[in-house]
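Structure at a glance
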2 protein chains.
Amino acid sequence: MCGNVVLVGAGNLASHLGKALYSKGYNILQVYSRTLKHATDLAHPLKASPITNIADVNTKADFIIISVTDNAIGSIVKQIPTCNAIVAHTAGSVPQTVLNKFANHGVFYPFQTFTKNKEVCYSAIPILVEGCSEKVIKALLKMGNNLSEKVISATSDQRKQLHLAAVFSCNFVNHLYTLADDLLKEAGLDFTLLMPLIKETTEKLETLSPFEAQTGPAVRDDSETINSHSTALANNNNLKNIYQTLSQGIYSKHIINNKGGE
Amino acid sequence: MCGNVVLVGAGNLASHLGKALYSKGYNILQVYSRTLKHATDLAHPLKASPITNIADVNTKADFIIISVTDNAIGSIVKQIPTCNAIVAHTAGSVPQTVLNKFANHGVFYPFQTFTKNKEVCYSAIPILVEGCSEKVIKALLKMGNNLSEKVISATSDQRKQLHLAAVFSCNFVNHLYTLADDLLKEAGLDFTLLMPLIKETTEKLETLSPFEAQTGPAVRDDSETINSHSTALANNNNLKNIYQTLSQGIYSKHIINNKGGE
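Read on for a plain summary of the structure. (Residues numbered from 1 in each chain as written. Chains lettered and ligands numbered in written order. Predicted model: local features only at pLDDT ≥ 70, side-chain atom pairs only at ≥ 80, totals over all residues. Heavy atoms only, no water.)

**Let's talk about the sheet that holds strand S6 (residues 104-110) of chain A**
Residues and elements named next belong to chain A. The strand order across the open sheet built from 8 strands is S3-S2-S1-S4-S5-S6-S7-S8, with neighbouring strands paired in mixed fashion. Only two strands of the sheet have a single partner each, and these edge strands are strand S3 (49-51) and strand S8 (151-153). Sheet twist, expressed as the average angle between the axes of neighbouring strands with direction ignored, equals 25°. Inspection of the sheet shows strand S7 (residues 127-131) paired to S8 by 3 bridges, in the parallel sense. (Pairing = 2+ DSSP bridges. Helix = DSSP H or I, 4+ residues; strand = E, 2+ residues; numbered from the N terminus. Axes fitted to C-alpha atoms, helices over the stretch in contact; angles between N-to-C directions.)

This is how it looks when you write it as structure tokens:
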């Protein structure tokens, strides 16, 4: 018996986490969402009760997992009665202290991007755990180890920095893919042409650090190509600005730093 | 018999291409490099002759493949005697016209990032072909089809645009990985924590367009997180600038465009 869990939230992260916990033997008591349909859609397959009033949370649960948007956590916390359950949120950028009113509180942060209706392999997802006491840390580490092979203790500051790194390496990266897609459409070419290159760029990271793996005109200090690209982007200020900012970033890191004898 | 090939260049692209052509039955006559050791190191496994004087190129070859840095192509072209061989370069951003002095000229552009000593699966690499005549296009398409399952005809403009898209989706993406690595090191965390997220970000592209797959604070219009990140980056102008430029780019594309009724 793993424990009784109340899930506060029914979004992508809550859904994937709820299903993973359920499949590992956790008893999901309730699923909360402001929208009854969302609560029901997730509660049903987990054999849990849907609730739409946060005051109805079963405070006798072993765990109350708050998995809502960052901005909503504060308001949710106010509405949950003080209790002895381990209350944990799942947010990267929110400090543990937001949960101070609960005697047993912590953070359970599965570090992955979750998409509705797309299965993820939970065992490969790093989980970062924080707790207000040894007891809470131990319980959350145990929960993490039930789901994943990569569970670590991390402070709020470390978690925040990891989240920031994720914005650079996931959100911003995806935006660059969007811009590349736009460029290809303009030329009547298909995004699938880029997929082998994108895969290879990722695979290289298995054997090289990203610093070592850098290629392209900026790291070659190839001003002719950079100028030609800038001219091609002359009519698109947004792309031109991103092109110049990132080229300058690569140049500063690889060329200037090296000239400085790093 | 596929044909006789002279390889001009012995860098990453030339090495991978030379080995792929050799393995498919092409007869590699010569490998040119200014540096004898480089020419020999590649020529030896391909049973070719190393040459270091470009005037020694065997103009009786069926194909002369110029695979040197973009800036060096013009000078190499000047030094190769006019001849009837099909002379093709392998560069993304260089127009076919640089080869105008040759009666039969074209472009053979394998669209991938090549790393020394890292094998790539050539059959999955898109190859873009251009030629000054039907005869040249046909011969280069045939060469492409011998190596890869994805060979297309493309104009110089299309190839240039694809190369630009590659800078965004490969070079710039890799730079973002480097910055993420720096952020993690600062926090005493390891880059491997990011790998599942990076892989998932790539895998999503198999089923969603990058526009649809966008996540993160900017697309949620989550100003609280964005401000908190900007504060965390206050002492690093380079990162802060990139953070703001890309967040603004995501915001413009997803929020302003949508409000405008796109």
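**Examining the layout of surface pockets**
Unoccupied space between atoms shows up once a probe the size of one water molecule is rolled over them. Of the volumes computed, that of the second largest pocket is approximately 1200 Å³. Lining the second largest pocket are 45 residues; nearest its centre among them are A:Arg220, B:Asn12, B:Leu13, B:Val68 and B:Thr69. Of all elements in the fold, only helix H7 (210-213) of chain A together with helix H1 (12-23), helix H3 (73-79), strand S6 (104-110) and helix H5 (156-186) of chain B reach the threshold of two or more residues within the lining of the second largest pocket. With 5 residues, the single largest contributor to the lining of the second largest pocket is H5(B). When the residues that make up the lining of the second largest pocket are grouped by side-chain class, the tally is 19 nonpolar, 21 polar and 5 charged. (1 Å grid on protein atoms, 1.4 Å probe; cavity = no way out; pocket = protein on both sides within 12 Å on 5 of 7 lines; lining within 4 Å. Points joined across faces, edges and corners; volume = space filled by probe spheres on them. Nonpolar A, V, L, I, M, F, W, Y, C, P; charged D, E, K, R; others polar.)

**Describing the relation of the copies chain A and chain B**
Laying chain A over chain B is done by rotating through 180° and shifting 0.0 Å along the axis; what remains is an RMSD of 0.0 Å. The transformation just described matches what one would write down for a two-fold rotation axis. Identified as the residue of chain A closest to the rotation axis by C-alpha distance is A:Val173, at 2.7 Å. Counting the interface residues of chain A, we find that 100% of their copies in chain B are interface residues as well, pointing to one common contact surface. (Least-squares fit on C-alpha atoms with pLDDT ≥ 70 in both. Contact = heavy atoms within 4.5 Å.)

**Considering the interface of chain A and chain B**
Residue-level contacts link 85 residues of chain A with 85 residues of chain B. When chain A packs against chain B, the two sides together hide about 8300 Å² of surface, and 67% of this comes from carbon and sulfur. Between chain A and chain B we count 4 salt bridges in total. Inspection of the chain A/chain B interface yields 35 residue pairs in polar contact (both at pLDDT 80 or more). (Buried area = accessible area lost by both parts, 1.4 Å probe. Salt bridge = Lys/Arg side-chain N within 4 Å of Asp/Glu carboxyl O. Polar contact = N/O pair within 3.5 Å; in protein donor to acceptor, adjacent residues only side chain to side chain.)

**With respect to the nonpolar core**
With 73 residues, the main nonpolar core has A:Phe168, A:Leu176, A:Leu194, B:Phe168, B:Leu176 and B:Leu194 as its most contacted residues. Those elements that place two or more of their residues in this core are S6, helix H5 (156-186), helix H6 (195-203) and helix H9 (237-259) of chain A together with S6, H5, helix H6 (195-203) and helix H9 (237-259) of chain B. Sequence-distant contacts of B:Leu176, that is, excluding residues within four places in its chain, are made with A:Phe168, A:Phe172, A:Val173, A:Leu176, A:Leu246, B:Ile242 and B:Leu246. Among the nonpolar cores identified, the runner-up in size contains 30 residues, and A:Leu17, A:Leu42, A:Ala139 and A:Val151 belong to it. (Core = buried A, V, L, I, M, F, W, Y, C linked by side-chain atoms within 4.5 Å. Buried < 20%, exposed > 50% of the residue type's maximum accessible area, 1.4 Å probe, protein only.)

**Considerations on the packing of aromatic side chains**
If you walk through the whole model with that rule in mind, you get 10 aromatic pairs over all chains. Between A:Phe172 and B:Tyr243, the ring centres sit 5.3 Å apart and the planes meet at 65°, which makes this aromatic pair edge-to-face. Here A:Phe172, found in helix H5, pairs with B:Tyr243, found in helix H9, and the two come from separate chains. With 5.2 Å between their ring centres and 75° between their planes, B:Phe168 and B:Phe172 make a pair best called edge-to-face. (Phe/Tyr/Trp six-rings, centres within 6.5 Å; stacked < 30°, edge-to-face > 60°.)

**Quick look at the pattern of salt bridges**
In the structure shown here, the tally under the stated rule is 12 salt bridges over all chains. Of the charged contacts, one joins A:Asp182 and B:Lys253 as a salt bridge, the two residues approaching to 2.9 Å between their closest N and O atoms. Linking A:Asp182 in helix H5 with B:Lys253 in helix H9, this pair reaches from one chain into another. For A:Asp182, a relative accessible area of 25% puts it in the partly exposed group. Here B:Asp181 and B:Lys185 are joined by a salt bridge, their closest N and O atoms 3.3 Å apart. Here the residue B:Asp181 and the residue B:Lys185 both occupy positions in helix H5, the gap between them amounting to 4 residues, near one helical turn. The class of B:Asp181 is buried, set by a relative accessible area of 8%.

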